[in-house]
Structure formats: C-alpha cells, structure tokens
Amino acid sequence: MTHSSQDTGSCGIQEDGKLYVVDSINDLNKLNLCPAGSQHLFPLEDKIPVLGTNSGNGSRSLFFVGLLIVLIVSLALVFFVIFLIIQTGNKMDDVSRRLTAEGKDIDDLKRMNNMIIKRLNQLDSEQN
C-alpha cells in the first residue's frame, strides 16, 4: 500500500528533509521530489480563490437578481392594492347612490301611507 519515494521516481535520493509537490489529494501516492530552491512550489494564493473574485461576483449577481424579483413582486402588490382601492371606491359610490335612491323611495312611500291613512280617516268619519 505504501509507496516509497524510490518507487515514484525520486532516483534513489534519501527522503529525509526533502520537499515534495502534491498535485492534488488524489495524487498523494504520486509524490514528485522537488530540487532544493525550486520554483515549482505554487503559492497558496494560486490554489485558493480570493474572496470577492469569481465566486463573489456570482453571489453578488444572485443577490441583485433576488432583489430585482422582490422589487417586481412588491410593485405588483402595490398595483393590486391600488386597483382594489379604486374598485372599492366605485362600489361604495354605487351603494351610496342606491341608498339615496331608496331613501327617496322610502320618503315617497311614507307620504303615500300618510295620504292613505288620511283618506281612510275621512271615510271613517263620514260613515260615523
């Protein structure tokens, strides 16, 4: 299971105090011996993406898309509420017109009732 550095191409150099380059975790068994003072070592900054670069742009654009969706939905809700307010106002105008018309009808019915009662009283008094 374990491979020595001689099996991986180190050409018989002893392992003590030597630097090895590992391309990935999957390639741990493929260790390459680095010569002393070699420029083959990659700095850590090259391997790890810096915050605010490509991954940050993706999260920013996702944030702006979400914000845009929220704004569109809230704008649609505001227009819907305005529409409901206008419709309610129109319905209230219709109801108030009906009430005033029915109020006039009620007044007319009261006058007719009074006239009928007066006429019945006159007829009753004539018969007595």
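Residues numbered from 1 in each chain as written. Predicted model: local features only at pLDDT ≥ 70, side-chain atom pairs only at ≥ 80, totals over all residues. Heavy atoms only, no water.

Caption draft 1: Spotlight on the overall build of the protein chain. If you tally the helices and strands in the protein chain, you get two helices and two strands. For the protein chain, the succession of helices and strands along the chain, N to C, is β-β-α-α. Taken over 128 residues, the protein chain has a buried fraction of 5%. Carbon and sulfur atoms form 63% of the exposed surface of the protein chain, whose accessible area is close to 11,700 Å². (Helix = DSSP H or I, 4+ residues; strand = E, 2+ residues; numbered from the N terminus. Buried < 20%, exposed > 50% of the residue type's maximum accessible area, 1.4 Å probe, protein only. Areas by Shrake-Rupley, 256 points an atom, 1.4 Å probe, with all protein chains shown as cover.)

Caption draft 2: Quick look at the pattern of salt bridges. The tally for this structure, following the rule as stated, stands at two salt bridges. Between D94 and R97 there is a salt bridge, and its shortest N-O distance comes to 3.0 Å. Taken together, the residues span about one helical turn, with D94 and R97 both in helix α2 (residues 54–127) at a distance of three residues. Its relative accessible area of 30% is what places D94 among the partly exposed residues. (Salt bridge = Lys/Arg side-chain N within 4 Å of Asp/Glu carboxyl O.)

Caption draft 3: Region of interest: a nonpolar patch on the surface. Together, L75, V78, F79, I82 and I86 make up an exposed nonpolar region whose accessible area comes to about 470 Å². Residue placement: L75 occurs in helix α2. Judged by its relative accessible area of 46%, L75 falls in the partly exposed class. (Patch = residues over 30% accessible without salt bridge, like charges linked within 9 Å, V, L, I, M, F, W, Y side chains within 5 Å.)

Caption draft 4: Structural context of the confidence of the model for the protein chain. For the protein chain, the average pLDDT comes to 75, and 56% of its residues sit at 70 or higher. For the protein chain, the element scoring lowest by mean pLDDT is helix α1 (residues 44–47), at 50; α2 scores highest, at 90. Across residues 1–13, confidence stays below pLDDT 50; counting only partners more than four residues off in sequence or on other chains, it has 13 contacts. (pLDDT = per-residue confidence, 0-100. Contact = heavy atoms within 4.5 Å.)

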